[in-house]
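So you can see what is in the structure, the chains are spelled out below.
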Amino acid sequence: VFGDNYGLATFIPMVILFASAYYFDHLGILSLAITNLGAWADIAITPLSVLKEGSFADHRLIFTGIALGALLLAAGMLSSMRHLKSHFAPTYNNFGVHLLFIASLAGLFTYDHYFLLWFAAIAAMAWYCVRQAMAQKSFYFVVVIMLYVYVALGDVVVQLLVKMSGSDVVFSLGMWYFLLSAAGLAILLVRLNRQIKSHAGI
């Protein structure tokens, strides 16, 4: 019906799904609508040849993912603040957080010459998202965000160590970092979980 107009073929179902999700008040349909939104954005902005080749290092795909993730988080915030289907907010936030941080990690891995700037951006986004998750008493989002930050920090540490000499001392530092940082992350998550539970009990 649509021929080679793949953008229109995903846009029309997306509109119908969003309208149906809000009309029937259905989270499952909302998830389908958000998935269609991602498909439409990829096809409309990113060349189809890039998607067919499976190349996710294209800058348009990375920045499209970041923009779409931020848009979904904004939609979740508006749903909560305006009390417009506020129970839809966790679904928006779930898709938004994963898309935002996966695209940001792709940018960190791709543009390795600017890895410190990318990490600073990821850390700033994580700080904001963790504050929101703590306010909403959502340990799930805290864990997800901290894991993404841990991956980003690990990449930065590895890149810094690679720039140093390839001696055994550098290798030992890398091994000790991953051992101690994993233990530190576990301790941090336990403390944050206790903090959320203590606030929830007030």
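Reference entry: report on the structure contained in this document. (Residues numbered from 1 in each chain as written. Predicted model: local features only at pLDDT ≥ 70, side-chain atom pairs only at ≥ 80, totals over all residues. Heavy atoms only, no water.)

Points about the packing of helix 5 (residues 89-110) against helix 6 (residues 115-135)
1) Next: Their axes nearest at 9 Å, the elements helix 5 and helix 6 cross at an angle of 165 degrees. Regarding the angle of helix 5 to helix 6, the classification is roughly antiparallel. For the crossing formed where helix 5 meets helix 6, the hand is left-handed. Listed contacts from helix 6 to Leu100, Phe101, Ser104, Leu105, Gly107 and Leu108 of helix 5 are Phe115, Trp118, Phe119, Ile122, Met125, Ala126 and Cys129. (Axes fitted to C-alpha atoms, helices over the stretch in contact; angles between N-to-C directions. Helix = DSSP H or I, 4+ residues; strand = E, 2+ residues; numbered from the N terminus. Parallel < 35°, antiparallel > 145°, perpendicular 65-115°, else oblique. Left-handed = near helix turned anticlockwise from the far one by under 90°. Contact = heavy atoms within 4.5 Å.)

Some words on the nonpolar core
1) Next: Among the nonpolar cores identified, the biggest contains 31 residues, and Val97, Phe101, Leu108, Val142 and Ile145 are the most heavily contacted of them.
2) Next: Broken down by secondary-structure element, the contributors of at least two residues to this core are helix 4 (59-81), helix 5, helix 6, helix 7 (139-163) and helix 8 (168-200).
3) Next: Setting aside residues no more than four positions away along its own chain, Phe101 makes contact with Ile122, Met125, Ala126, Cys129, Ile145 and Tyr148.
4) Next: One finds Leu17, Leu37, Phe88 and Tyr92 within the second-largest nonpolar core, a separate group that totals 13 residues. (Core = buried A, V, L, I, M, F, W, Y, C linked by side-chain atoms within 4.5 Å. Buried < 20%, exposed > 50% of the residue type's maximum accessible area, 1.4 Å probe, protein only.)

Points about unusual backbone geometry
1) Next: Its identity as a non-glycine residue notwithstanding, His83 has a phi of 55 degrees, on the positive side.
2) Next: Structurally, His83 is set in the loop between helix 4 and helix 5.
3) Next: Phi is positive for Lys137, close to 55 degrees, though the residue is something other than glycine.
4) Next: Among the secondary structure elements, Lys137 is positioned in the loop between helix 6 and helix 7.

Looking at the packing of aromatic side chains
1) Next: Inspection of every chain in the model, using the stated rule, returns nine aromatic pairs.
2) Next: Taking 5.1 Å as the distance between ring centres and 75 degrees as the angle between the ring planes, the aromatic pair formed by Tyr22 and Phe88 counts as edge-to-face. Taken as a pair, Tyr22 in helix 1 (residues 6-24) and Phe88 in the loop between helix 4 and helix 5 lie far apart in primary sequence, 66 residues in all.
3) Next: When its relative accessible area of 0% is taken as the criterion, Phe88 is described as buried.
4) Next: With 4.9 Å between their ring centres and 90 degrees between their planes, Tyr23 and Phe24 make a pair best called edge-to-face. (Phe/Tyr/Trp six-rings, centres within 6.5 Å; stacked < 30°, edge-to-face > 60°.)

Details of a nonpolar patch on the surface
1) Next: Taken together, the side chains of Leu8, Phe11, Ile12, Val15 and Ile16 present a nonpolar region at the surface, about 380 Å² in accessible area.
2) Next: Take Ile12: it is sitting in helix 1.
3) Next: With a relative accessible area of 34%, Ile12 lands in the partly exposed category. (Patch = residues over 30% accessible without salt bridge, like charges linked within 9 Å, V, L, I, M, F, W, Y side chains within 5 Å. Areas by Shrake-Rupley, 256 points an atom, 1.4 Å probe, with all protein chains shown as cover. Salt bridge = Lys/Arg side-chain N within 4 Å of Asp/Glu carboxyl O.)

Re the packing of helix 4 against helix 6
1) Next: The N-to-C vectors of helix 4 and helix 6 enclose an angle of 15 degrees; their axes lie 13 Å apart at closest approach. Between helix 4 and helix 6, the interaxial angle falls into the category roughly parallel. Between helix 4 and helix 6 lies a crossing of left-handed hand. For the pair helix 4 and helix 6, contact is made by Ile62, Phe63, Ile66, Leu73 and Met77 and by Trp118, Tyr128 and Cys129, respectively.
2) Next: Split by residue class, the contact of helix 4 with helix 6 holds eight nonpolar, no polar and no charged. (Nonpolar A, V, L, I, M, F, W, Y, C, P; charged D, E, K, R; others polar.)

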